[in-house]
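# Examining the three-dimensional arrangement
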Amino acid sequence: MRYLELGGRTAAVHVERQAESTTAPDLVLVHGAGFDHTAWRYQTRFFAGRGHRVLAPDLPGHGGSEGPPLGSISEMAVWLGDLIDAFDCRSSILVGHSMGSYVALHRATADPGSVLALVLVGTSDRMQVHPELLAAAADRDTHAIDLMVGWMHTGTHRFGGHRSAGSWSAGSSRRTIERNLAALGSDLAACAEFAPTSLAVTCPTLIVSGDADKMTPSAAAGRLARLVAGSEHVVLDGGGHMAMYERSEDVNGAIVAFLSTVPSA
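Residues numbered from 1 in each chain as written. Predicted model: local features only at pLDDT ≥ 70, side-chain atom pairs only at ≥ 80, totals over all residues. Heavy atoms only, no water.

## A few points about empty space enclosed by the protein
- For the structure on display, the rule yields one cavity of 30 Å³ or more.
- Of the pockets and cavities examined, the largest cavity occupies roughly 50 Å³.
- Around the largest cavity, the lining residues are F35, T38, A39, R41, S172, S173, T176, M242 and Y245.
- Element by element, the count of residues in the lining of the largest cavity is highest for helix α6 (residues 169-179), at three residues.
- Residue classes in the lining of the largest cavity are distributed as four nonpolar, four polar and one charged. (1 Å grid on protein atoms, 1.4 Å probe; cavity = no way out; pocket = protein on both sides within 12 Å on 5 of 7 lines; lining within 4 Å. Points joined across faces, edges and corners; volume = space filled by probe spheres on them. Helix = DSSP H or I, 4+ residues; strand = E, 2+ residues; numbered from the N terminus. Nonpolar A, V, L, I, M, F, W, Y, C, P; charged D, E, K, R; others polar.)

## Side note on the pairing of strand β4 (residues 54-57)
- Here β4 shows a buried face lined by V54 and A56 and a second buried face lined by L55 and P57.
- As judged from the four bridges shared by strand β2 (residues 9-16) and β4, these two strands associate in the antiparallel manner. Considered in β4, the bridge of H14 is made with A56.
- With two bridges connecting them, strand β3 (residues 26-30) and β4 associate as parallel partners. (Buried < 20%, exposed > 50% of the residue type's maximum accessible area, 1.4 Å probe, protein only. Pairing = 2+ DSSP bridges.)

## Some details on the nonpolar core
- Ranked by size, the top nonpolar core spans 83 residues in total, and within it L118 and L184 carry the most contacts.
- Apart from residues no more than four positions distant in its own chain, L184 is found in contact with A33, G34, A137, A144, M148 and I177. (Core = buried A, V, L, I, M, F, W, Y, C linked by side-chain atoms within 4.5 Å. Contact = heavy atoms within 4.5 Å.)

## Comments concerning unusual backbone geometry
- For the bond running from G67 to P68, omega is 5 degrees, close enough to zero to count as cis.
- Following the sequence through the fold, P68 ends up in the loop between β4 and α2 (73-86).
- We note that R140 has phi near 55 degrees; this positive angle belongs to a residue other than glycine.
- You can see R140 is positioned in the loop between α4 (131-138) and α5 (143-152).

## Concerning the packing of α4 against helix α7 (residues 181-193)
- The geometry of α4 relative to α7 is characterised by a closest axis approach of 7 Å and an angle of 145 degrees between their N-to-C directions. Taken as a pair, α4 and α7 cross one another with a handedness that is left-handed. Note on element contacts: α7 touches α4 through L184, G185, L188 and A189, opposite L133, L134, A137 and A138.
- Counted by class, the contact of α4 with α7 contains seven nonpolar, one polar and no charged residues. (Axes fitted to C-alpha atoms, helices over the stretch in contact; angles between N-to-C directions. Left-handed = near helix turned anticlockwise from the far one by under 90°.)

## Some remarks on the pattern of salt bridges
- Here the structure, examined in full by the defined rule, presents eight salt bridges.
- Of the charged contacts, one joins R53 and D26 as a salt bridge, the two residues approaching to 2.9 Å between their closest N and O atoms. With R53 in the loop between α1 (44-48) and β4 and D26 in strand β3, this residue pair connects regions lying 27 residues apart in the sequence.
- Judged by its relative accessible area of 13%, R53 falls in the buried class.
- The buried category is assigned to D26, whose relative accessible area is 11%.
- Here D36 makes a salt bridge to R179, at a shortest N to O gap of 3.2 Å. Residue D36 is found in the loop between β3 and α1, and its partner R179 is found in helix α6; the two are separated by 143 residues along the sequence.
- When its relative accessible area of 3% is taken as the criterion, D36 is described as buried. (Salt bridge = Lys/Arg side-chain N within 4 Å of Asp/Glu carboxyl O.)

Just geometry here; none of it tells us what the structure is for.
Here it is, written out as C-alpha cells:
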C-alpha cells in the first residue's frame, strides 16, 4: 500500500506495476459502497501484467484511508481527481463498481480531458436503495450486512463455489463490509441521492452487468447505456452484483476487448 496526504487526511492506495517503462495508460479502480481496494483483487495484478499501472484507492473512511467518509458522489469525485493528480495520471482509464461507477462517471464529466475511457461494473441509471437497508446502514446495524450480502451474491457463490481454492465470495464481502460499516450509511445515501442521467459523458464507455444482479439490474444498466452515446453494454449470463469477483475472467476479458478498441489504450 502507498500512503499520501490528500486534503489533510491520509489516503491509502494499492499500486500495482510490473513494468516501469510502458506506454499503456493508468487504470484507476474505484470500489463500491462499504468496500475498499480489496474488491479489485482479481483485476489489479491482471492488468498490471498487461503493462498498466493500476491504482486501487480506499475512499476516505474506507480501508486504510482516514475518515470521515465523504457524503456525496461529487465530493468523492473531487477527491478522486486530487488523487489522480497526485499520481500524475495524465490520461487514465477509470473503472468503477456500483457506487464507484458513479464516482468515475462524475469525474469523467468534470475533467473529460484527463479520462481516456470509462468502465462501469454493476451500475444503473438510478440506484433505488431499499429503505430497510438505508435505515440499518445509518444505524450501523449488522442487519445491513446481511441484506447486502444476500442481494449481492448469486447461486453457489453465496455458499462457496469460487474457482479459486479457499475463496468464498459472500464471506469475503461480509468481512469487508464489517471493516467499513461506519461508512456504509453515508455511502448508500450518496448513491440514492445521485442522478447519473444528468451527466454528459463523451469518452468511450463500457458497461458490464449481470442478468442476475438484484442490486443494479441489467435492465437499469441498459437504460444508462442508452443514455451514454456510443457506449457498449456487456451482460453476463448468471452474473450478479459482484461480477468482478465471481466472474473475474469474464469481466477482465470484456475490459481487454473494450480497451483494444480505444485509441491510445
